[in-house]
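A structural walkthrough
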Amino acid sequence: MKNIVLKSLLFLVLFVNTAYAATPLPSWNDTVTKQAIISFVDKVTTIGSPHYLPPADRIATFDNDGTLWAEKPTYVQDVFTYDRIRALAPQHPEWKAKMPYKAVLENDKAALDALSFDAWIELVLASHGNYTTEEFSQIVKTWLAQARHPQTGRLYTEMVYQPMLELLAYLREHGFKTYMVTGSNQEFVRPWAEKTYGFAPEQVIGSSFKKKFTLKDGAPVIMQLPEFSSVTDGDGKPISIEQVIGRRPIASFGNSDGDLPMLQWTTAGNGLRFALLVHHTDAVREWAYDRKSSEGKLDKALDAAKAHGWTVVDMKNDWKVIHPFEKKH
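Described below are features of the structure shown in this document. Predicted, not measured: the structure shown is a model, and the values here were computed from it.

**Thoughts on unusual backbone geometry**
Along the chain, Lys72 connects to Pro73 via a cis peptide bond; the corresponding omega equals 0 degrees. You can see Pro73 is positioned in the loop between strand S1 (59–62) and helix H3 (76–88). Residue Pro100 is reached from Met99 by a cis peptide bond, and omega for that bond is 5 degrees. Along the chain, the position of Pro100 falls in the loop between H3 and helix H4 (101–105). Although it is not a glycine, Leu25 adopts a positive phi angle of roughly 50 degrees. We note that Asp217 has phi near 55 degrees; this positive angle belongs to a residue other than glycine. On the secondary structure map, Asp217 appears in the loop between strand S4 (204–216) and strand S5 (219–230).

**Quick word on helix H9 (residues 186–197)**
Between the first and last C-alpha of H9 there are merely 14 Å, a value that for 12 residues lags more than 12% behind the 16 Å anticipated at 1.5 Å per step. Judged by how many residues are buried, H9 sits mostly within the fold: nine of 12 residues are covered. Residues Gln186, Glu187, Phe188, Val189, Pro191, Trp192, Ala193, Thr196 and Tyr197 constitute the buried set of H9. Directly beyond the C-terminal end of H9, a positive phi value near 95 degrees is found at Gly198.

**With respect to the pattern of salt bridges**
In the structure shown here, the tally under the stated rule is 14 salt bridges. Across the pair Glu135 and Lys216 runs a salt bridge, and its minimum N-O distance is 2.7 Å. Of this pair, Glu135 sits in helix H7 (residues 133–144) while Lys216 sits in strand S4, placing them 81 residues apart in sequence. For Asp299, the salt bridge goes to Arg291, with nearest N and O atoms at 2.6 Å. Here Arg291 falls in the partly exposed class, since its relative accessible area comes to 32%.

**Considerations on the side chain of Glu295**
Within the secondary structure layout, Glu295 lies in the loop between strand S8 (288–289) and helix H12 (300–308). If we ignore the near neighbours within four places in the chain, the residues touching Glu295 are Glu71, Lys72, Pro73, Thr74, Tyr75 and Tyr289.

**A word on H7**
Taking 1.5 Å as the rise per residue, H7 with 12 residues should run 16 Å; its terminal C-alpha atoms sit 17 Å apart, in good agreement. When we look at burial in H7, the residues that qualify are Phe136, Ser137, Val140, Trp143 and Leu144. All buried residues of H7 fall inside an arc of 130 degrees around its axis, so they share one side. Where H7 is buried, its residues meet H3, helix H6 (117–128), strand S2 (131–132), H9 and S5.

**Quick look at the environment of Val76**
Here Val76 shows up in helix H3. Judged by its relative accessible area of 1%, Val76 falls in the buried class. When the C-alpha atoms of Val76 and Leu144 are compared, they prove to be 9.7 Å apart, with 68 residues separating the residues in sequence.

**Details of the nonpolar core**
Counting 65 residues, the largest nonpolar core has Phe62, Met164 and Phe253 as its most contacted members. Element by element, the count of residues in this core is highest for H3, at six residues. Not counting residues up to four positions away in its chain, the partners in contact with Phe62 are Leu68, Met164, Leu167, Leu168, Leu171, Thr178, Tyr179, Met180, Val181, Phe199 and Phe253. Counting residues in hydrophobic clusters, the runner-up holds 17 residues, among them Met262, Ala304, Ala305 and Trp310.

**A look at the packing of aromatic side chains**
Applying the stated criterion across every chain, the model contains 19 aromatic pairs. Plain terms: the ring middles of Phe80 and Trp143 are 5.2 Å apart, the flat faces sit at 75 degrees to each other, and that makes the pair edge-to-face. One end of the pair, Phe80, is in helix H3; the other, Trp143, is in helix H7, and 63 residues separate them in sequence. Both residues of the pair, Phe80 and Trp143, count as buried. For the pair Trp143 and Phe188, a centre-to-centre distance of 6.5 Å together with 55 degrees between the ring planes defines the contact as tilted. In this pair, Trp143 is assigned in helix H7 and Phe188 in helix H9, connecting sequence segments 45 residues apart. No difference in accessibility class separates Trp143 from Phe188, as the two residues are buried. Here the aromatic residues Trp69, Phe80, Tyr131, Phe136, Trp143, Tyr156, Phe188, Trp192, Tyr197 and Phe199 are joined through ring pairs into a cluster of three or more.

**Some remarks on the layout of surface pockets**
The rolling of a water-molecule-sized probe over the atoms marks out the regions of remaining empty space. Estimates place the volume of the largest pocket at around 1,200 Å³. Along its surface, the largest pocket is lined by 40 residues, and Tyr75, Asp78, Trp120, Ser294 and Glu295 are the ones closest to its centre. Mapped by element, the contributors of at least two residues to the lining of the largest pocket are H3, helix H5 (109–113), H6 and strand S3 (177–185). With six residues, the single largest contributor to the lining of the largest pocket is H3.

Reading the values: the criteria
Along every chain, residues carry numbers that run from 1 in the direction the sequence is written. Per-residue local features of the predicted model are confined to residues with pLDDT of at least 70, and side-chain atom pairs are confined, for both listing and counting, to 80 or more; whole-chain, interface and lining totals are unaffected and use all residues. Computation of side-chain values: all heavy atoms of the structure, hydrogens and water removed. Secondary structure elements follow DSSP: runs of H or I of four or more residues count as helices, runs of E of two or more count as strands, with numbering from the N terminus. Each helix should span, by expectation, one fewer than its residue count multiplied by 1.5 Å. To sort residues, take the accessible area from a 1.4 Å probe on protein chains only and compare it with the maximum for the residue type: under 20% means buried, over 50% means exposed, and anything in between is partly exposed. When a carboxyl oxygen of Asp or Glu lies within 4 Å of a side-chain nitrogen of Lys or Arg, that pair is called a salt bridge. Any two residues whose heavy atoms approach within 4.5 Å at even a single point are treated as in contact. Note that the arc is computed from the directions linking the helix axis to the C-beta atoms. Among the buried residues, those of types Ala, Val, Leu, Ile, Met, Phe, Trp, Tyr and Cys that are joined through side-chain atoms within 4.5 Å form a nonpolar core. Only rings of Phe, Tyr and Trp enter the pairing, Trp through its six-membered ring, and a pair is recorded when the two centres are within 6.5 Å. The plane angle decides the type: under 30 degrees is stacked, over 60 is edge-to-face, the rest tilted. The method works on a 1 Å grid over the protein atoms by themselves. A cavity is a set of points holding a 1.4 Å probe that cannot get out, a pocket is an open set with protein on both sides within 12 Å along at least five of seven lines, and residues with an atom within 4 Å of a point line them. Grid points are joined across faces, edges and corners, and a volume is the space filled by probe spheres set on the points.

Laid out in C-alpha cells, this is it:
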C-alpha cells in the first residue's frame, strides 16, 4: 500500500509539472492581459492569418529596468557605480571633499537622490572608463556574483521577473527575435544578459561609451573611454533600434515614460502591432508606483496606453508569482 501511495504521488507531481510546463505563460493569471499576448502571437505566426508575418519581421524589443527585473529601491547600475566609486576612492583622495563623489563616499542618500543628470554622468564616467572591454566585463561579472538586493538579500540576477522570462521564451518559441533596449550602459549589461535572459551580446542595445583600438603590452585591445557615444533612453531608444536592428519592431515592452518613444515607434508601423507596459501595482510582493516615482516614472506612457489601447500589466492581478525563487517555493 505504501508503494502504491508513493507511486501515485510521484505520478501526480510529474503530471502537474508537465502540465505547468506545457501551459503558455504559466506564471500569468488567465486574465485579458495574458489572452491579449497569446492572441497577438497567434495572429502574426499562424500561416493563413491576415496578420501573418514571416520570422524575419518578428522583432520584439524589451526595456530592462522595471520591465525584466526590479528597479527599486535604486537602479542596479547606480548601485554598481557607487560601489565602483568607493573601490576607486583610495586612488582619488580629492573625492572626499568633492561632490558628487562626497555624497557617495558618505552614503548621503538625500544628496544621491537629488543628483542632477550631469552629476550622475560624471560618476558613471569616472567609474566605468579607462578599462579594456574585457577588464570591465570581468569587473561587472565579479560584482554581480556577490552583490545583493538590500531588501530581499537576493542576488540582483535573482530579482528578474518570472512572467517576463516566460514571455521571452514564448516569443522565441514562435520565431521572434528579441532585443533588449535599455538606458543602462550596454557594456554593463552584456556580460550577464545572455545567461540571465537569453539575449546574446549583439541583442543588447544600450547607452554606450566611446571606444579606442590600441595596443596594450603589445596586444591589441579595445579601450573603454570615459566619454559617452550614445544614450539609449527616451527618444534615443527608437533611434538606436533603427541604427542597430534596421527593422521596426512589431512588439515592444516597457514600464516607464522612458520607454514611451519606443512603444510609439513600434505601434506606428503598418499591420498588427503590440505594445505592453508593466504597471507596478503590488505593494505586498514588490512595490506599487507610477506617476511620481523617481525610478521608472510611469505617467505620460500610462495615459498613452489608455488612449491607444495598449496592453497594461496589472502586476498584482496578472502575475501569479513575480520572481523565480517564489515559484521554487
